[in-house]
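# Summary of structural features
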There are 2 protein chains.
Amino acid sequence: MTTKTITVVRDVLATNKQAAAAIRAELRARGILCVNLLSSPGSGKTTLLEALADRFRGRRRMAVIEGDIETERDAERIRAKGVEAWQITTGGACHLEAKMIGKVLGNVPEAIDFLFIENVGNLVCPASYDLGEDLRLVLLSSPEGDDKPAKYPQAFFSADALVLTKSDLLPYLPFDPRRAAAEALAIKPTLKVFTISALCGDGLDALATYLVEALERLRSGGA
Amino acid sequence: MTTKTITVVRDVLATNKQAAAAIRAELRARGILCVNLLSSPGSGKTTLLEALADRFRGRRRMAVIEGDIETERDAERIRAKGVEAWQITTGGACHLEAKMIGKVLGNVPEAIDFLFIENVGNLVCPASYDLGEDLRLVLLSSPEGDDKPAKYPQAFFSADALVLTKSDLLPYLPFDPRRAAAEALAIKPTLKVFTISALCGDGLDALATYLVEALERLRSGGA
């Protein structure tokens, strides 16, 4: 039983890795930076994407793939910002897989800069699935508590950047951003750390600059 | 590939169901009410258990099984309240399974009233695994947003009660407890709904009464 399960999981991850590599190659060839957003439910992934849509409007073009177990709600919120969005509903599955992204890829316009993928809200399972992204952001919101990186290490280990969200709530919470960052950096010393409030706009300049610089690196062949 | 995966998942769930049934039978025979707590990371499961430890002290005896991917932190917090606690670290797995509970069960004292199981923080996968509990609580904290029940339906469908936590943050958030409750009730009309702040104590009387009444029903053979 155990052996069979492990073999199947290995097959699933190997198949996923192949599909992800094909997506990464295609998007790099098209000069599009693909960014995978991971976090618990309600950490502010959609709100961050809404804020980036406002910030990039008229300067950079973005599109969004939304992953949810059920509902089209998040894609509708993104479309209301004038940004193209496709909703993938997994119907129970706890994470997105590369083959799901592959099916949507044909719809993505040629002339965009960023393709954001908002994963299913889950700080565990999505960490194991490469979606062909060039950048992975893990979000941790201040109400979740600063003790989470050590408890959910894989999500933080697999990410390129940590985005501490909802900084506007810090006055009302026992959350210490320095402790959260230190825990995450102990797991992955190369993590870039950003503290933001997507509602108030705090910290968004630095995050947007980071994304644009990654895009420029990709286009100059240094991704 | 797909067929093999589905068969294995079915086997895993069937094996889990058998183990859960044995746990349920043993705990009912011992007159212990087993309560499984499900939620996203950081929704306040451990803080609620700390508050219940304070409330039940000297009146009802409880013990706690803590599930986490890594660290002993939550068990240490519970022990600091003078309550026996056992930490299960899943080492990567996204949910607890009945066989993990089975291994700890021999340590649980005879003369307790409540055995609480705090699942891995994950609003998706734990919903599929019966742990032998008689009551399942799903927690949703106000910062997560009132739109979550429809997006993660299985957790709400499988629960007996919905506990809306962190009501002390409501003045600072666009969270509508009535909308959250209405969404959850549309999925599971028999859900009991509680709104609490484990920090301030609001709503804890009603929740504690609900737990004690469930215990009394179990002991009178009407669980």
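For the structure, see preceding data.
Scope of this entry: the structure provided in the associated data block. (Residues numbered from 1 in each chain as written. Chains lettered and ligands numbered in written order. Predicted model: local features only at pLDDT ≥ 70, side-chain atom pairs only at ≥ 80, totals over all residues. Heavy atoms only, no water.)

### So, unusual backbone geometry
Residues and elements named next belong to chain B. Unusually for a residue other than glycine, Thr71 sits at a positive phi of about 80 degrees. For Lys166, which is not a glycine, the phi torsion comes out positive at approximately 60 degrees. You can see Lys166 is positioned in the loop between strand 6 (161-165) and helix 7 (177-187). (Helix = DSSP H or I, 4+ residues; strand = E, 2+ residues; numbered from the N terminus.)

### A closer look at the relation of the copies chain A and chain B
For the pair chain A and chain B, the best superposition has an RMSD of 0.0 Å and corresponds to a rotation of 180 degrees with a translation of 0.0 Å parallel to the axis. Look at the turn and shift together and you get a two-fold axis relating the two. The share of interface residues of chain A whose copies in chain B are also at the interface is 100%, consistent with both copies meeting through the same surface. (Least-squares fit on C-alpha atoms with pLDDT ≥ 70 in both. Contact = heavy atoms within 4.5 Å.)

### Some remarks on the interface of chain A and chain B
Each partner contributes to the interface: chain A provides 38 residues, whereas chain B provides 38 residues. Of all residues in chain A, A:Pro41, A:Arg73 and A:Lys151 give up the largest surface area on contact with chain B, accounting jointly for 20% of the area buried on that side. Viewed at the interface, chain B and chain A are joined by 6 salt bridges. Two residues, A:Lys151 and B:Asp74, come together in a salt bridge whose shortest N-O distance is 2.9 Å. Inspection of the chain A/chain B interface yields 10 residue pairs in polar contact (both at pLDDT 80 or more). When residues of the side of chain A that touches chain B are traced back to their parent elements, those giving at least two are helix 1 (2-29), helix 3 (73-79), helix 5 (148-151) and helix 7 (177-187) of chain A. A per-class count over the side of chain A that touches chain B returns 17 nonpolar, 7 polar and 14 charged. (Buried area = accessible area lost by both parts, 1.4 Å probe. Salt bridge = Lys/Arg side-chain N within 4 Å of Asp/Glu carboxyl O. Polar contact = N/O pair within 3.5 Å; in protein donor to acceptor, adjacent residues only side chain to side chain. Nonpolar A, V, L, I, M, F, W, Y, C, P; charged D, E, K, R; others polar.)

### Observations regarding helix 8 (residues 204-219) of chain B
Here helix 8 of chain B contains 16 residues, and its C-alpha end-to-end distance of 23 Å stays within 8% of the 22 Å for a straight helix at 1.5 Å per residue. Listing the buried residues of helix 8 of chain B in full gives B:Leu204, B:Leu207, B:Ala208, B:Tyr210, B:Leu211, B:Val212, B:Ala214, B:Leu215 and B:Leu218. (Expected span 1.5 Å × (residues − 1). Buried < 20%, exposed > 50% of the residue type's maximum accessible area, 1.4 Å probe, protein only.)

### Describing the nonpolar core
Residues A:Phe156, A:Leu162, B:Phe156 and B:Leu162 are the most contacted members of the largest nonpolar core, which totals 44 residues. Sorting the residues of this core by element identifies strand 5 (135-141), helix 6 (153-157), strand 6 (161-165) and helix 7 of chain A together with strand 5 (135-141), helix 6 (153-157), strand 6 and helix 7 of chain B as the ones contributing at least two each. Sequence-distant contacts of B:Phe156, defined by excluding residues within four places in its chain, comprise B:Leu123, B:Val138, B:Lys148, B:Pro149, B:Leu162, B:Ala184, B:Ile187, B:Lys188 and B:Leu191. (Core = buried A, V, L, I, M, F, W, Y, C linked by side-chain atoms within 4.5 Å.)

### A look at the sheet that holds strand 5 of chain B
All names here are of chain B. With parallel pairing, the 7 strands of this open sheet are ordered in space as 3-2-4-1-5-6-7. Of all the strands in the sheet, the pair left with one neighbour each is strand 3 (84-89) and strand 7 (192-195). Between one strand and the next, the sheet's axes are offset by a mean angle of 20 degrees, whatever the strand orientation. In this structure, strand 1 (residues 33-38) lies alongside strand 5, joined through 4 bridges in parallel fashion. Pairing of Val35 across the sheet is with Leu135, part of strand 5. Across the face of the sheet, helix 4 (residues 98-105) comes into contact with strand 2 (62-68), strand 3 and strand 4 (114-118) while running at roughly 140 degrees to strand 3. Strands strand 1, strand 4, strand 5, strand 6 and strand 7 of the sheet are contacted by helix 8, whose axis makes an angle of about 140 degrees with strand 1. (Pairing = 2+ DSSP bridges. Axes fitted to C-alpha atoms, helices over the stretch in contact; angles between N-to-C directions.)

### Here's the deal with the packing of helix 2 (residues 45-56) of chain B against helix 8 of chain B
Residues and elements named next belong to chain B. The contact between helix 2 and helix 8 brings their axes to 11 Å, and the two run at 75 degrees. Of the possible angle classes, the one that applies to helix 2 and helix 8 is roughly perpendicular. Of the residues in helix 8, those touching helix 2 at Leu48, Ala51, Leu52, Arg55 and Phe56 are Leu204, Asp205, Leu207, Ala208, Leu211 and Val212. For the contact of helix 2 with helix 8, the class distribution of residues is 9 nonpolar, no polar and 2 charged. (Parallel < 35°, antiparallel > 145°, perpendicular 65-115°, else oblique.)

### So, the sheet that holds strand 2 (residues 62-68) of chain A
Consider a sheet: its strands pair through backbone hydrogen bonds, and that pairing is either parallel or antiparallel. Residue and element names in this part refer to chain A. Spatially, 7 strands are ordered 3-2-4-1-5-6-7 in an open sheet, and the strand pairing comes out parallel. Looking at strand neighbours, the two that pair on one side only are strand 3 (84-89) and strand 7 (192-195), the edges of this open sheet. Averaged over all neighbouring strand pairs, the angle between strand axes comes to 20 degrees, with direction disregarded. Sheet topology places strand 6 next to strand 7; 4 bridges connect them, and they run parallel. Its bridge partner lying in strand 7, Ala161 is registered against Lys192. Across the face of the sheet, helix 7 comes into contact with strand 5, strand 6 and strand 7 while running at roughly 160 degrees to strand 6.

### Overview of the pattern of salt bridges
Two side chains with opposite charge may pair up if their charged atoms get near one another. All names here are of chain A. Taken as a whole, this structure holds 42 salt bridges over all chains when the rule is applied. Measuring nitrogen to oxygen at the nearest pair gives 3.5 Å for the salt bridge that ties Arg61 to Glu84. You can see Arg61 sitting in the loop between helix 2 (45-56) and strand 2 and its partner Glu84 sitting in strand 3, a full 23 residues away along the chain. Overall, the relative accessible area of 40% leaves Arg61 in the partly exposed class. Judged by relative accessible area, which is 38%, Glu84 ranks as partly exposed. The partner of Arg178 in a salt bridge is Asp176, with the nearest N and O atoms 3.3 Å apart. The exposed category is assigned to Arg178, whose relative accessible area is 67%.

### Quick notes on the pairing of strand 1 (residues 33-38) of chain A
Residues and elements named next belong to chain A. Within strand 1, 6 of the 6 residues are buried, leaving the element largely enclosed by the surrounding structure. Here 5 bridges tie strand 1 to strand 4 (residues 114-118), and the two strands are oriented parallel to one another. Directly across from Cys34, in strand 4, lies its bridge partner Leu115.

### Focus on the side chain of B:Ser142
In this structure, B:Ser142 sits in the loop between strand 5 and helix 5 (148-151). Apart from the residues within four sequence positions on either side, B:Ser142 is in contact with B:Thr165, B:Lys166, B:Leu169, B:Leu170, B:Leu173 and B:Phe175.

Limitation: the analysis is restricted to geometry and does not speak to function.
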